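Okay, here's what each chain looks like letter by letter:
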Amino acid sequence: MVTVRRSALAQPCDGKLFPEPGEVLSYGSDLRQRRDLRSPRPLGELRSCARGIQRRRGFLSALSGQRCSMTQSVIVQVGQCGNQIGCCFWDLALREHAAVNQAVLIDMEEGVVNEILQGPLRDVFDSKQLITDISGSGNNWAVGHKVFGSRYQEEILEKLRKSAEHCDCLQCFFVIHSMGGGTGSGLGTYLLKVLEDEFPEVYRFVTSVYPSGEDDVITSPYNSILAMKELNEHADCVLPIDNQSLFDIISKIDLVVNSGKLGTTIKPKSLVTSSAGTFKKWQEKPFDAMNNIVANLLLSLTSSARFEGSLNMDLNEISMNLVPFPQLHYLVSSLTPLYTLADVNVPPRRLDQMFSDAFSKDHQLIRADPKHSLYLACALMVRGNVQISDLRRNIERLKPSLQFVSWNQEGWKTSLCSVPPVGHSHSLLALANNTCVKPTFVELRERFLRLYKKKAHLHHYLQIEGMEESCFTEAESSLSALIREYNQLDATKSMPVEDLPRLSVAV
Amino acid sequence: MRIMRGLSLRHLNKTETAGPGAVIPIARAVLVDMEPKVINQTLSKAAQSGRWKYGQHSSFCQKQGSGNNWAYGYSVHGPRHEESIRNLIQKEVEKCDSLSGFFIIMSMAGGTGSGLGAFVTQNLQDQYSNSLKMNQIIWPYGTGEVIVQNYNSILTLSHLYRSSDALLVHENDAVHKICAKLMNIKQISFSDINQVLAHQLGSVFQPTYSAEGSFHYRRNPLGIDWQIRPPLPGLPSLSKMSLNKELHFNTSIANLLILRGKDVHSADLEGFKDPALYTSWLEPVNAFNVWRTQRAFSKYEKSAALVSNSQFLVKPLDMIVGKAWNMFASKAYVHQYTKFGIEEEDFLDSFALLEQVVASYCTL
């Protein structure tokens, strides 16, 4: 039974996803010298590079001339949302000539995965790395987590191990999923525990799409809060996203494009929508464009690990610098300039504007206002032709308007990667550990309580083996504890910063 | 006699003889990093110059860095790669006629340079206790390159204090200012900063003549007498006369002035010998040293370099300790360190040691 689930069930990425033949041939010819290539088709070569250490090394050294291989990450795409975003990610990644990473695709409903497999990216995914079921999770976290979790644990583990074996040096897992549904939410979070047990030293980055206010899945508050508990306990870093914010960003880009100001021209192969058509098509298929934003986020996150720069930042440094306490690992992200996402040919504005925009609430990928909340830490990952002095100048300029917690007044982590996104001169990804993420959690709890008070739809969950009411109450208290932490921090916001008395020593 | 290891330019003047044709000199250096990108860049950049290069097998790298985590660099990478790194160093040592010491270049803010650097220095202290160990430390920008840079810095400094003989400090902020104000560079890059640093190092470590024997190149690095200790409290201090006491703002334990180029022998150095500059327990005649060479440095007709052991670094040190202390009081990020075996006790030991250093310098 294939359920038609909310408007998210738009067609997956379609249209022209191949790089132009010319784009691939530049490194394709290097690959032709290598043995074991399947076919001379450009994407075929990339596909055969997706497997096997030897070929990947060749692929990498053809591109970057480096002797040692880079670290690898494994993408785990769970559920419909996860798989659609993941698909966009791979498209973009290929176009960035990125290191080909390993992927494991999971969906409990074969519809989405099948469409990906029939689409242009079919050769990128090793069909043996897919796990599907027929029926789907019916928007039920318990089905995803308890039923499919235990049923497929071994199979999933096996695929993960295989992916990991292909990696020289596995640094992290990216899990992409949504919170409101059943598979992504339930099975996705089940996987976190599996990953933690099986690969304890590998970081777990989770990109979670939180339900927006106008969510048509009635049980999404249940699913989300049950998933939150797992994220609290088993994720190293969570990047919360919500659809409404993504939609607003797309609308803004549209305004810029259609205003006719600045002599904008639209590039034929837009990074926002992968359709061969014009940018206008996004209005019919907004999720295409929105998923691409998240894909861009993941690419920027890994850019410093993939390309060289004067100040590198590996993924393990993100966790180290941005997570001061284990439970406060939710990072609000923003990507600027916006038109990077639209692939629109806008004449470069002042570099400094890019930095200012990163802190505005309109550019955040979740509904949040970091400028008026408290920063615990902030990371700026810059790509392109930007030097350390530009970075420092902008930090000095913006610092006075931002509030940092008393013990981290200079809580900035910075990185400079020389390679900009395709077709642009520079871009910036800002990651903030900021109390502005609290309203999302507060609202989530309120929506949960409204539903739970009436015990609405609860029986769907309780009838699953292993589920009890205590699961819900525990999830709620986990979330409440998290909210309390943020409240405590917010309370320190307006307090004057005092230096604590130092150790006194005998001279 | 001690010969500087590391990028000893004296060594580079002697090309290795092999067959006919010019052979490119090889730096007497070992490169260590826990991730490969930078080392690869460095090796190829050196080879590209055509004038020198690094040894083919003189680098050690892994695939994954230390994640800005001092504990990871020190407690995980250190023991894990101890033997490999030691072997690399030993190979270089064996090529020396007469080893006098090691020059370890590292930053304090990150995880590998700071943590693994401290570990390696400790190792060198155990293995080559009679040789000089001098560390060049890059002091990070005051405003964040790395959020946990203050933790990493205090852990580095406290550990180095126990195993290093001298710490030569370069502050990013100071060098940045040089680029901006003195060199008028508009868009300063790390490449510019590193150029200035290299220039300063060259101006110090290029060979010079010592005062004792004008025909021998000075080899004792920085002429520092490692036996110097401040007098015990209670003993009378040496009397000295000074006219400039009121202008006193920075007391030096010792200063070394290096003059290169024209007119080095006729330079007036009386200002450097003013007792007001120095402590009461060390006379200027002992505290001030000068090296000279008529050979010009770089393209400068005349140049001078000053290496100073003074209170100059008290303020930056105090600031770092203060910020780290504030952060430590709220226990922020501490779990990232305890995860890899650096406990709160270790932090407290570091704080105690550094507070003592600050206090000692303040009472000069």
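Predicted model only: the values in this text are computed from it and were never measured. (Residues numbered from 1 in each chain as written. Chains lettered and ligands numbered in written order. Predicted model: local features only at pLDDT ≥ 70, side-chain atom pairs only at ≥ 80, totals over all residues. Heavy atoms only, no water.)

(A) The arrangement of the pattern of salt bridges in detail. Tallied over the full model, the rule gives 22 salt bridges over all chains. Between A:Arg204 and A:Asp236 there is a salt bridge; the shortest N-O distance is 3.8 Å. Note that A:Arg204 is positioned in strand β5 (residues 203-210) and A:Asp236 in the loop between α8 (220-234) and β6 (237-242), a separation of 32 residues in sequence. The residues A:Arg204 and A:Asp236 share a single accessibility class, namely buried. Note that B:Lys95 is salt-bridged to B:Glu92, the shortest N-O span being 3.3 Å. By relative accessible area, B:Glu92 is classed as buried at 6%. (Salt bridge = Lys/Arg side-chain N within 4 Å of Asp/Glu carboxyl O. Helix = DSSP H or I, 4+ residues; strand = E, 2+ residues; numbered from the N terminus. Buried < 20%, exposed > 50% of the residue type's maximum accessible area, 1.4 Å probe, protein only.)

(B) Structural view of the side chain of A:Ser389. Tracing the sequence through the fold places A:Ser389 in helix α14 (residues 388-398). Accessibility expressed as a relative area gives 8% for A:Ser389, which makes it buried. A polar contact is formed between the side chain of A:Ser389 and the backbone nitrogen of B:Ile188, at a distance of 2.8 Å. Contact partners of A:Ser389, with chain neighbours within four places excluded, come to B:His176, B:Lys186, B:Gln187 and B:Ile188. (Polar contact = N/O pair within 3.5 Å; in protein donor to acceptor, adjacent residues only side chain to side chain. Contact = heavy atoms within 4.5 Å.)

(C) Local environment of the pairing of strand β7 (residues 166-171) of chain B. All names here are of chain B. Residue alternation in β7 divides its side chains into a buried set, Ala-166, Leu-168 and His-170, and an unburied set, Leu-167, Val-169 and Glu-171. When strand β6 (residues 132-139) meets β7, the two strands line up parallel, connected through six bridges. Considered in β7, the bridge of Ile-138 is made with His-170. Chirality of the crossover, the property in question, places the unit of β6, helix α5 (residues 149-163) and β7 among those that are right-handed. (Pairing = 2+ DSSP bridges. Right-handed = clockwise from strand over helix to strand, strands pointing away.)

(D) Main features of the packing of aromatic side chains. All names here are of chain A. What the rule picks out here adds up to 34 aromatic pairs over all chains. With centroids separated by 6.0 Å and ring planes inclined at 35°, the aromatic side chains of Phe-148 and Tyr-152 adopt a geometry described as tilted. A residue pair is termed a helical-turn pair when its members lie 3 or 4 positions apart in one helix, as Phe-148 and Tyr-152 do in helix α6 (residues 141-165) at four residues. Each member of the pair, Phe-148 as well as Tyr-152, carries the same accessibility label: buried. (Phe/Tyr/Trp six-rings, centres within 6.5 Å; stacked < 30°, edge-to-face > 60°.)

(E) The domain arrangement of chain A, seen in detail. Residue and element names in this part refer to chain A. For chain A, the domain assignment lists domain 1 (2-239 + 272-324), domain 2 (335-438) and domain 3 (439-490). For domain 2 and domain 3, the distance between their C-alpha centres works out to 33 Å. Across the boundary between the two partners, domain 2 contributes 11 residues, which contact 10 residues of domain 3. Taken together, both faces of the contact between domain 2 and domain 3 bury some 1,000 Å²; the carbon and sulfur share is 58%. (Domains from an automatic or database assignment. Buried area = accessible area lost by both parts, 1.4 Å probe.)

(F) Expanded view of the packing of helix α9 (residues 243-258) of chain A against helix α10 (residues 286-306) of chain A. Residue and element names in this part refer to chain A. Axis separation between α9 and α10 bottoms out at 9 Å; the angle between their running directions is 100°. Compared by their axis directions, α9 and α10 come out roughly perpendicular. Within the contact between the two elements, α9 uses Asn-243, Leu-246, Phe-247, Ile-249 and Ile-250 and α10 uses Pro-286, Phe-287, Ala-289, Met-290, Ile-293 and Val-294. Among the residues making up the contact of α9 with α10, the classes are represented as 10 nonpolar, one polar and no charged. (Axes fitted to C-alpha atoms, helices over the stretch in contact; angles between N-to-C directions. Parallel < 35°, antiparallel > 145°, perpendicular 65-115°, else oblique. Nonpolar A, V, L, I, M, F, W, Y, C, P; charged D, E, K, R; others polar.)

(G) Representation of the interface of chain A and chain B. Tallying the contact residues gives 58 residues for chain A and 54 residues for chain B. For the pair chain A and chain B, the two sides together bury roughly 4,600 Å², of which 53% comes from carbon and sulfur. Across the chain A-chain B interface, the total number found is four salt bridges. Among the salt bridges present, the one from B:Glu355 reaches A:Arg502, with a minimum N-O distance of 2.6 Å. Here chain A is connected to chain B by 21 residue pairs in polar contact (both at pLDDT 80 or more). Those elements that place two or more of their residues in the side of chain A that touches chain B are β4 (170-178), α10, α11 (315-322), β8 (374-384), α14 and β10 (412-417) of chain A. Here the residues of the side of chain A that touches chain B sort into 27 nonpolar, 17 polar and 14 charged.

(H) Focus on the pairing of strand β1 (residues 72-78) of chain A. Across the seven residues of β1(A), seven count as buried, placing the element largely inside the fold. Side-chain alternation along β1(A) places A:Gln72, A:Val74, A:Val76 and A:Val78 on one buried face and A:Ser73, A:Ile75 and A:Gln77 on a second face that is also buried.

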